Amino acid sequence: MFMKYQIACAALALMSSAPAFAQEEATGPVTVSGSVALVSDYRFRGVSMTDKGMAVQGGVSVSHESGAYAGVWGSNLSGWGTFGGANMELDLNAGYAVDLGGATLDVGLVWYMYPSGLDTTDFAEPYIKLSGDVGPVSALVGVAYAPKQEALGKTCSDAACTVFRPGKKNDNLYLWGDVSSAIPNTPVTVKAHMGWSKGNSGLGPNGTSLAPTGKYLDWLVGADVAVPGTPLTLGIAYVDTDIARVEENYIRPNFSAADGSSIARGQVVFSLSASF
């Protein structure tokens, strides 16, 4: 049940987030599930968090038959997404899913942690999701709203970033939708995603922001292939944003890979994951 709201292609999930853990057949009131993944690029809402480099990711989730669940997920980091020098992201998640009969309503919260980063980097983001099937298509719509927090605020009041404002707080809104459909008589599932971010533009308090240009769209189209007889899944996805070059230039050099190339432009992302 644990999901992180991002376009990571981390465990070949559509979301936001993040890996979606396989649901094993429950043998009691509590179910434990998880996944590990190797990805060619960790993309969070369309933007690379690893300087377009590879990432190892994984997590574990515990769910109760009542609908309550909790989990933890982690990934290595590099470049823009390091939140004050951290080399790891660790997310704690908890929520409650309600069966509405043909649809599922899921309400929860993700606590984003950046161990070894500078102070005031962690932040909380509540979410609401509604998912269900429409014929052969599985669909999900979600809203994630991070209320005003110092980790999401601006530390500078001008474009040159010369006037610092420690303690400044800001919020962030993310709206997204996902669809997926299995191709009959094949191990292939096709998927698509679109999200919209609105929040703090420019550099956050420690060199990053959830919405670095203030407002932008991100999207993904791809496919997953389940390897027969194994828990493995191969994935490929094209990830992109509508962040313009002039917007990127405004927040360089932070908002670029080590070689100076864009971390928000279209790129094909490959992944290999295993679920249990």
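Refer to the structure presented above.
In this text, all values refer to a predicted model and were calculated from it rather than measured experimentally.

Peer 1: Got a minute to help me understand the overall build of the chain in this structure?
Peer 2: Within the chain, the secondary structure is distributed over one helix and 14 strands. Here the contacts in the chain between residues at least 6 apart in sequence split such that 55% fall between residues at least 24 apart. Carbon and sulfur atoms make up 64% of the accessible area of the chain, which amounts to about 11,900 Å² in all.

Peer 1: Looking at this model, I keep getting lost on the side chain of Asn 172. Mind explaining?
Peer 2: Along the chain, the position of Asn 172 falls in strand S10 (residues 170-182). Classification of Asn 172 by relative accessible area gives buried; the value is 1%. Beyond its immediate sequence surroundings of up to four residues, Asn 172 is in contact with Arg 45, Glu 125, Ala 144, Tyr 145, Ala 146, Leu 152, Lys 198, Gly 199, Leu 210 and Ala 211.

Peer 1: Would you mind going over the packing of aromatic side chains with me for this structure?
Peer 2: Each aromatic ring pair is described using two quantities: the centre-to-centre distance and the angle formed by the ring planes. Considering all chains together, one arrives at eight aromatic pairs under this definition. Look at Phe 44 and Tyr 112: their rings are 6.1 Å apart centre to centre, the planes differ by 85°, and that puts the pair in the edge-to-face class. Of this pair, Phe 44 sits in strand S2 (residues 43-44) while Tyr 112 is found in strand S7 (residues 103-113), placing the two residues 68 residues apart along the sequence. There is no split in this pair, since Phe 44 and Tyr 112 are both buried.

Peer 1: Whenever I open this one, the side chain of Ser 181 confuses me. Can you help?
Peer 2: One can find Ser 181 in strand S10. Non-local contacts of Ser 181, meaning those with residues more than four positions away in its chain, are made with Pro 136, Val 137, Val 188, Thr 189 and Val 190.

Peer 1: What is the right way to look at unusual backbone geometry in this model?
Peer 2: Most peptide bonds adopt trans geometry, and most residues besides glycine take a negative phi value. Omega for the bond connecting Arg 252 with Pro 253 falls within 30 degrees of zero, at 5°, which places this linkage in the cis form. Tracing the sequence through the fold places Pro 253 in the loop between helix H1 (245-250) and strand S14 (267-275). Despite not being glycine, Phe 83 has its phi angle at roughly 45°, a positive value. Inspection of the secondary structure assignment puts Phe 83 in the loop between strand S5 (68-76) and strand S6 (88-99). Taking the relative accessible area as the measure of exposure, Phe 83 reaches 5% and is therefore buried.

Peer 1: Help me out: how do you make sense of the pattern of salt bridges in this one?
Peer 2: Opposite charge on two side chains makes pairing possible when the charged atoms of those side chains draw close. Under the counting rule described, the total for this entry stands at six salt bridges. Residues Lys 191 and Asp 224 are paired through a salt bridge, measuring 3.0 Å at the closest nitrogen-oxygen approach. Here Asp 224 lies in strand S12 (residues 213-226) and Lys 191 lies in strand S11 (residues 188-201), a separation of 33 residues in the sequence. Side by side, Lys 191 and Asp 224 carry an identical accessibility label, which is buried.

Peer 1: I tried to follow the sheet that holds S14 on my own but got confused; where do I start?
Peer 2: Strands in a sheet are paired, the pairing made by backbone hydrogen bonds, and the direction either parallel or antiparallel. With respect to topology, twelve strands assemble into a closed barrel ordered S1-S4-S5-S6-S7-S8-S9-S10-S11-S12-S13-S14, the strand pairing being antiparallel. Across the sheet, the axes of successive neighbouring strands diverge by a mean angle of 20°, strand direction being ignored. In this structure, strand S8 (residues 123-134) lies alongside strand S9 (residues 137-149), joined through eight bridges in antiparallel fashion. Within the sheet, the bridge partner assigned to Lys 129 lies in S9 and is Gly 142.

What counts, and where the lines are drawn
- Residues numbered from 1 in each chain as written.
- Predicted model: local features only at pLDDT ≥ 70, side-chain atom pairs only at ≥ 80, totals over all residues.
- Heavy atoms only, no water.
- Helix = DSSP H or I, 4+ residues; strand = E, 2+ residues; numbered from the N terminus.
- Contact = heavy atoms within 4.5 Å.
- Areas by Shrake-Rupley, 256 points an atom, 1.4 Å probe, with all protein chains shown as cover.
- Buried < 20%, exposed > 50% of the residue type's maximum accessible area, 1.4 Å probe, protein only.
- Phe/Tyr/Trp six-rings, centres within 6.5 Å; stacked < 30°, edge-to-face > 60°.
- Salt bridge = Lys/Arg side-chain N within 4 Å of Asp/Glu carboxyl O.
- Pairing = 2+ DSSP bridges.
- Axes fitted to C-alpha atoms, helices over the stretch in contact; angles between N-to-C directions.

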